[in-house]
Each structure stands twice: as C-alpha cells, then as structure tokens.
Amino acid sequence: MRRLTAETRIGAADLILPAFIREGLTEPNPIVSMPGVLQHTTDSLRRAAAEAVELGLGGIMLFGIPEVRDAVGSASLDPDGVLNKAIRDVRAEVGDDLVIMSDVCLDEFTDHGHCGVLDAEGYVDNDRTVEIYAKMAVAQADAGAHMLGPSGMMDGQIAAIRTALDAAGHTNTSVVAYSAKYASAFYGPFREAVDSQLKGDRRTYQMDAGNRTEALREVELDLAEGADVVMVKPAMSYLDILADVAAMSPVPVAAYQISGEYAMIEAAAANGWIDRKAAIMESVLGIRRAGADMVLTYWAAELAGWLKDVR
Ligand code: PBG
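Throughout what follows, the structure given in this document is the object of discussion. Quantities reported herein were computed from a predicted structural model and do not represent experimental measurements.

Grouped together as the largest cluster of nonpolar side chains are 100 residues, with contacts concentrated most on Phe-20, Leu-57, Leu-62 and Tyr-133. The element contributing the most residues to this core is helix 3 (residues 126-143), with 7 residues.

With the rule as written, the count across this model stands at 15 salt bridges. With its nearest N and O atoms 2.8 Å apart, the salt bridge here joins Arg-46 to Glu-93. Linking Arg-46 in helix 1 (residues 42-55) with Glu-93 in helix 2 (residues 82-94), this pair joins segments that are 47 residues apart in sequence. Classification of Glu-93 by relative accessible area gives partly exposed; the value is 33%. Where Asp-240 meets Arg-212, a salt bridge forms, and the shortest distance between an N and an O atom there is 3.8 Å. On the criterion of sequence distance, the pair formed by Asp-240 in helix 7 (residues 239-248) and Arg-212 in the loop between helix 5 (188-193) and helix 6 (213-225) is long-range, its members being 28 residues apart. In this structure Asp-240 comes out as partly exposed when scored by relative accessible area, which is 33%. Several salt bridges converge on common partners, so that one network encompasses Arg-162, Asp-166 and Asp-228.

Moving on, we come to helix 1. Taking 1.5 Å per residue as the helical rise, helix 1 with its 14 residues ought to reach 20 Å, and the 20 Å between its terminal C-alpha atoms agrees with that figure. Where helix 1 is concerned, the buried positions are Ser-44, Leu-45, Ala-48, Ala-49 and Ala-52. Looking straight down helix 1, one finds that the buried residues subtend no more than 140 degrees of arc, so they occupy a single side. Pointing more than 90 degrees away from the buried face of helix 1 are the exposed residues Asp-43, Arg-47 and Glu-54. Buried residues belonging to helix 1 abut strand 1 (15-22), strand 3 (38-40), strand 4 (59-65) and helix 2. Once helix 1 finishes, Gly-56 follows within two positions and takes phi at roughly 80 degrees, a positive value.

To continue, consider the packing of helix 2 against helix 3. Orientation of helix 2 relative to helix 3, taken along the N-to-C sense of each, is 25 degrees, at an axis distance of 8 Å. Comparing the axis directions of helix 2 and helix 3 gives the class roughly parallel. Considering the relative orientation of helix 2 and helix 3, their crossing is right-handed. Facing Leu-83, Asn-84, Ile-87, Arg-88 and Arg-91 of helix 2, the residues of helix 3 in contact are Ala-139, Gln-140 and Ala-143.

Across all of its chains, the model carries 9 aromatic pairs by this definition. Centre to centre, the rings of Tyr-256 and Tyr-298 are 6.1 Å apart; their planes meet at 50 degrees, and the pair counts as tilted. With Tyr-256 in strand 9 (residues 253-257) and Tyr-298 in the loop between strand 10 (294-297) and helix 10 (300-306), this residue pair connects regions lying 42 residues apart in the sequence. Accessibility expressed as a relative area gives 1% for Tyr-256, which makes it buried.

What counts as what
- All residue numbers here refer to positions counted from 1 along the written sequence of the relevant chain.
- Confidence filtering applies because this is a predicted model: local features only for residues at pLDDT of at least 70, side-chain atom pairs given and counted only at 80 or more, and all residues used for totals across whole chains, interfaces and linings.
- Only hydrogens and water are removed before side-chain values are computed, so all heavy atoms of the structure are retained for them.
- Put simply, buried Ala, Val, Leu, Ile, Met, Phe, Trp, Tyr and Cys residues joined by side-chain atoms within 4.5 Å make one nonpolar core.
- Think of it in three bands: with a 1.4 Å probe and only protein chains considered, a residue is buried below 20% of the maximum accessible area for its type, exposed above 50%, and partly exposed in between.
- Secondary structure elements are taken from DSSP: a helix is a run of H or I of four residues or more, a strand is a run of E of two residues or more, and numbering for both begins at the N terminus.
- Any carboxyl oxygen of Asp or Glu within 4 Å of a side-chain nitrogen of Lys or Arg constitutes a salt bridge here.
- To estimate the expected span of a helix, subtract one from its residue number and multiply by 1.5 Å.
- The arc refers to the directions leading from the helix axis to the C-beta atoms.
- It only takes one pair of heavy atoms within 4.5 Å for two residues to be counted as in contact.
- Lines fitted to the C-alpha atoms define the axes, with helices restricted to the stretch that makes contact. Angles between their N-to-C directions range from 0 to 180 degrees.
- Here roughly perpendicular refers to angles of 65 to 115 degrees, roughly parallel to angles under 35, roughly antiparallel to angles over 145, and oblique to all remaining angles.
- Each crossing is labelled by how the near helix is turned from the far one, with a counterclockwise turn of less than a right angle marking it left-handed and a clockwise turn marking it right-handed.
- Geometry of aromatic contacts follows a simple scheme: Phe, Tyr and Trp rings, the Trp one being its six-membered ring, pair when their centres are within 6.5 Å, and the pair is stacked under 30 degrees between planes, edge-to-face over 60, tilted otherwise.

Remember, this is a structural readout, not a statement about activity or role.
Rendered as structure tokens:
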C-alpha cells in the first residue's frame, strides 16, 4: 500500500552515472576517498557503459584525466585527447542506448587546476575561457557526445557553446547547464578522483553557499542562453535551491549528488554507523522529492539494481 501511494519514485532512467577515465592506465585504479569508484581504463569504461545500458540507466557523464597538463588545457581540444577518445569509445560501445554526457571544463586539463585560463594576475579569465569551452564542446560533439555538461560556471558559457555547436552542425547536441553550482567543501574526493592540481579555491566563479536568489538568476541566464537541462550542485546541502529551481524551470532539472556526499555515506557505513543501503536510498529519494527530474550519482548502477525494493 505504501508503494501504491508513494509520491516519489526513483527510476533507473532518472539516474546518470559519473565516470572517470585516466590516460595511460593499464588497470582500473581505485579512488581511495570514494570506495567503490574507479579511474577507468578504456576497457573498464566500455564495460561500465555497457552495464549502464543493461541496467536501463539514463546516462553516463564522462570526466577525463590526461597524462599531460598545461596552462591552457590543450589536451581538451585534441581529438585524441583522453576525454574525446573516451566519448568515441563509449559511443561505439552503446550507440544511442544511453545518453553520453561529457564534462566541458578545463580543471582536469590545466596544470594549475582552475576551471579556466588565468590572466597575468592569476585570476580566471572568463571570456578567454568561454572561447576554449566553445571549441571543447565542438570537439566533444564531434566525438559523439549527446549532451554536454559545462561545469565551469563561466558567464556566457551556455550561449557560446550553443552558438558554436549550431555553427558546426551539431544542432541536435544538447546542453545540461551546471547553473547553480556552489563553491563546496564536499567536492574534496572529486579532486582526488581527477588528481586535481588546484591550490586555493573556486570562489571567484562558483557560488557562495548562503545565496539562494542568485541561483535563480543563474538558472534564468542559462535558460535564456539555451540550456536544455539545468542543474543544481551539490545536492544534499542545497535541496531548497533544487526545490526553487524545480518550481520555476520549464526544462528538466538535474541534481548532482557529489563526491563528498558519496564519501560521507560510504565512510559512515563502513564504520557501521548507518545502514548503507537505506541511507543511499533515502538520500537519492530526498533529491528526487525536492524536485530533481534526474540525479547524477556514483551509486547509479548499484541503485538501479535495487529499485524493485523501493517502498
Ligand atoms: C569541475 C567539476 C567538479 C565536479 C564536477 N565537475 C569539481 C569542482 O568544481 O571542483 C565535482 C563532482 C563531485 O564532487 O563529485 N569540472
């Protein structure tokens, strides 16, 4: 009866699996602060993508870790760079059976770890960065990505990417805008996952935790610029933002249950302090209840296997 009257459900198709591929690996590499999550090789990534199709997941979000980094993130534009190659490999594996999403951001590719290129004072240069994002987006669409995820919080990035995609003939490639992305302490484990070189923080381009109205302004800008999906990130500490955005957005809303949210539950569960499965279910159900149409979660595959148990 509880199932029959449930107000919120989780479906496999609502879930997106974030996945990391690292150039030069011969074996998948465990990420210590994210137990159960790997840096993939080409083969293991292809297997994970095939499994995602089997499980009926909605999508996969790819992040690449290059062997060589430089000040402007050149490897991001190389058609044979780690991420572009991974997109091609995954597309060859799954075709159109899974939405292939890819990260349009420079932080994995720069030797200073910022999401953009720096000016002479070491400040992230918004407009030069956006020019590079537009080229990255075309390279990723050329490689076969269905949906691009600009995660760098530069102003004007959605319009620049949309214009560049259309000019290159990629009119059917869509954009999931990381619209309300907060400068969060909970990204910690992700920085290990991508071997981040970042010193300092991203507060000049990501949002301050206390700002609620600003999130709606960011979403409105991204909608006006052509976003197909808008995202709130992180999820758990920002459920009010998610509810606000869901109430006003004419396009689907995504939420990203980030690395620190994953790590906290895994760590507490490993200590026997919480019931792991129940806590995972509750956390994702809460994100859906708050208004997310789709959820990026590192538990996507495992969770999809449990869904018949949802009450
Ligand atoms: C930036 C990016 C980050 C995450 C996704 N894209 C890190 C950051 O902004 O510092 C974090 C995801 C997570 O923590 O799980 N390209």
